[in-house]
Amino acid sequence: MPIASPEVYADMLDRAKAGAFAYPAINVSSSQTLNAALRGFAEAESDGIIQVSTGGAEYLSGPTVKDMVTGSVAFAAYAHEVAKNFGVNIALHTDHCPKDKLDGFVRPLLAISAERVARGENPLFQSHMWDGSAVPLDENLRIAQELLAQAAAARIILEVEIGVVGGEEDGVVGAIDEKLYTSVEDGLATAAALGVGEQGRYMAALTFGNVHGVYKPGNVKLRPEILKEIQDAVGAKYGKDKPFDLVFHGGSGSLLSEIRDALDHGVVKMNIDTDTQYAFSRPVADHMFRNYDGVLKVDGEVGNKKQYDPRAWGKAAEAGMAARVVEACEHLRSTGTTSSK
């Protein structure tokens, strides 16, 4: 199947909310991790979301080039081609973009998609994220209004963050304090500024104790009931059930019961990066340790080309990451839900 059209992506999100499941949104930074994500979604028979962060986009352009737009365009072009061979629908997304990187990341990509749509083509990406968590809420929503109008014109869904995710990702650091919990007032302000769909479709990353990084289960103190409180308050005002399409950030270390509660409250997308990075790297470490004298030319020997060939350990890495994507689909109840069957 090709990369999801705007209509297919909208249907994906609608079905997820109606069915109380969510799509894993897998961060990738190379063709190998992209292929691993595609394989995982196909094996789970789940549609999915594959995304790049600012750092991932820089890396995709070449570590010495570090051009986010070049990397993003190259990633999307490659994904559009290879995704045709997997029997699931895939949406492409750009992850956290703070204010100081909008002009070098999201805004140029929106312009590229606008040009494509004007030619009768689909947008290059299906959604983009504006991360306004580091600025005051009124400024966050002011910028979100501008971006939502541009995204809607290019047939793209915008993701906004209302609240703060703790920890660090790609240089964006969130303190672990009371701001980790979005308030009902914040939710009402978001709906007042961005509407509930009539100004363009958007997803909202409301925070309920989320923290980026590596944590053991139970160490992250999540309060998913906050999501229900906000959905209920906004829904009562606008006459809509679960008006927000919600996004779950910083899920590593979350209890499965907490994840499932969040799904019941309208989460349709859950970002996964830390866990899939480890799942990719772990088989590589195993291969290197097991084949030490083959991957290195020890004591003047020649090594073993079959063992140091990047494809040898690369296949193992991709299989490990694909298995973690399958597990994510099971956790998020998206297994077997693809509309392409």
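It should be noted that the structure appears before, not after, this text.
Residues numbered from 1 in each chain as written. Predicted model: local features only at pLDDT ≥ 70, side-chain atom pairs only at ≥ 80, totals over all residues. Heavy atoms only, no water.

**Brief notes about the overall build of the protein**
Part 1 of the reasoning: Assigned secondary structure in the protein consists of 13 helices and 10 strands.
Part 2 of the reasoning: When the backbone C-alpha atoms are referred to their principal axes, the protein occupies close to 75 × 50 × 40 Å.
Part 3 of the reasoning: Expressed as a percentage of the 341 residues in the protein, the buried residues total 53%.
Part 4 of the reasoning: Within the protein, contacts between residues at least 6 apart in sequence are counted, and of these 75% link residues at least 24 apart. (Helix = DSSP H or I, 4+ residues; strand = E, 2+ residues; numbered from the N terminus. Buried < 20%, exposed > 50% of the residue type's maximum accessible area, 1.4 Å probe, protein only. Contact = heavy atoms within 4.5 Å.)

**A closer look at the environment of D309**
Part 1 of the reasoning: When you line up the elements, D309 lands in the loop between α12 (305–308) and α13 (310–331).
Part 2 of the reasoning: Given a relative accessible area of 15%, D309 falls into the buried group.

**Concerning the pairing of strand β3 (residues 90–94)**
Part 1 of the reasoning: Within β3, five of the five residues are buried, which leaves it mostly tucked inside the rest of the structure.
Part 2 of the reasoning: Judged by which residues are buried, β3 turns out to be covered on both faces: I90, L92 and T94 on one side and A91 and H93 on the other are all buried.
Part 3 of the reasoning: Relative to strand β4 (residues 127–130), β3 runs parallel, the two being bridged by two bridges. Across the sheet, H93 pairs through a bridge with S127, a residue of β4.
Part 4 of the reasoning: For the crossover from β3 across helix α5 (residues 106–118) to β4, the handedness is right-handed. (Pairing = 2+ DSSP bridges. Right-handed = clockwise from strand over helix to strand, strands pointing away.)

**Thoughts on the packing of aromatic side chains**
Two numbers describe a pair of aromatic rings. These are the distance of the centres and the angle of the planes.
Part 1 of the reasoning: Taken as a whole and judged by the stated rule, the model has four aromatic pairs.
Part 2 of the reasoning: Taking the centre distance of 6.3 Å and the plane angle of 55° together, the rings of Y202 and F244 count as tilted. Taken together, the positions of Y202 in strand β8 (residues 202–206) and F244 in the loop between α8 (225–238) and β9 (245–248) put the pair 42 residues apart, joining distant regions of the chain. For the residue pair Y202 and F244, the accessibility class agrees, reading buried in each case.
Part 3 of the reasoning: Sitting over the ring of Y181, R223 keeps its end group 5.1 Å from the ring centre. (Phe/Tyr/Trp six-rings, centres within 6.5 Å; stacked < 30°, edge-to-face > 60°. Lys NZ or Arg CZ within 6 Å of the ring centre and 35° of its normal.)

**Examining the packing of helix α10 (residues 274–290) against α13**
Part 1 of the reasoning: Two elements in contact, α10 and α13, have axes whose closest approach is 8 Å; the angle formed by their N-to-C orientations is 145°. The way α10 lies across α13 gives a crossing that is right-handed. Note on element contacts: α13 touches α10 through A312, W313, A316, A317, E318, G320, M321, R324 and V325, opposite D275, T276, A279, F280, P283, V284, H287 and M288.
Part 2 of the reasoning: Across the contact of α10 with α13, the residue classes break down as 11 nonpolar, three polar and three charged. (Axes fitted to C-alpha atoms, helices over the stretch in contact; angles between N-to-C directions. Left-handed = near helix turned anticlockwise from the far one by under 90°. Nonpolar A, V, L, I, M, F, W, Y, C, P; charged D, E, K, R; others polar.)

**What about the sheet that holds β9?**
Part 1 of the reasoning: Spatial ordering of the closed barrel is given by β1-β2-β3-β4-β5-β8-β9-β10, a layout of eight strands whose pairing is parallel. When strand polarity is set aside, the average angle formed by the axes of neighbouring strands in this sheet is 25°.
Part 2 of the reasoning: With four bridges connecting them, strand β1 (residues 23–27) and strand β10 (residues 267–272) associate as parallel partners. Residue pairing in the sheet places P24 in a bridge with M270 of β10.
Part 3 of the reasoning: Contacting β2 (48–52) and β3, helix α4 (residues 68–82) runs over the sheet at an angle of about 175° to β3.
Part 4 of the reasoning: Across the sheet, helix α6 (residues 137–153) touches β4, β5 (157–162) and β8, and the angle it forms with β5 is around 175°.

**A few points about the pattern of salt bridges**
Part 1 of the reasoning: Taken as a whole and assessed by the stated rule, the structure comprises 20 salt bridges.
Part 2 of the reasoning: The partner of R201 in a salt bridge is D14, and the shortest N-O contact between them spans 2.8 Å. Note that R201 is positioned in the loop between α7 (184–194) and β8 and D14 in helix α1 (residues 6–19), a separation of 187 residues in sequence.
Part 3 of the reasoning: Here D14 falls in the partly exposed class, since its relative accessible area comes to 42%.
Part 4 of the reasoning: One network of salt bridges, with partners in common, ties together D14, K17, R201 and D245. (Salt bridge = Lys/Arg side-chain N within 4 Å of Asp/Glu carboxyl O.)

**So, the nonpolar core**
Part 1 of the reasoning: V28, I50, F75, L92, W130, V160 and F244 are the most contacted members of the largest nonpolar core, which has 75 residues in total.
Part 2 of the reasoning: If near-sequence neighbours (up to four positions away) are discounted, V28 is found in contact with T33, L34, A37, I50, Q51, V52, F75 and M321.
Part 3 of the reasoning: A4, F21, A25 and A205 belong to the second largest nonpolar core, which has 15 residues in total. (Core = buried A, V, L, I, M, F, W, Y, C linked by side-chain atoms within 4.5 Å.)

**Concerning the side chain of S61**
Part 1 of the reasoning: Among the secondary structure elements, S61 is positioned in the loop between α3 (54–60) and α4.
Part 2 of the reasoning: The class of S61 is buried, set by a relative accessible area of 15%.
Part 3 of the reasoning: Within the structure, S61 has its side chain in polar contact with the backbone nitrogen of K66 (distance 3.2 Å).
Part 4 of the reasoning: Not counting chain neighbours up to four residues away, the residues in contact with S61 comprise K66, D67, T70 and G71. (Polar contact = N/O pair within 3.5 Å; in protein donor to acceptor, adjacent residues only side chain to side chain.)

Interpretation note: all reported values are geometric properties and have no functional meaning in isolation.
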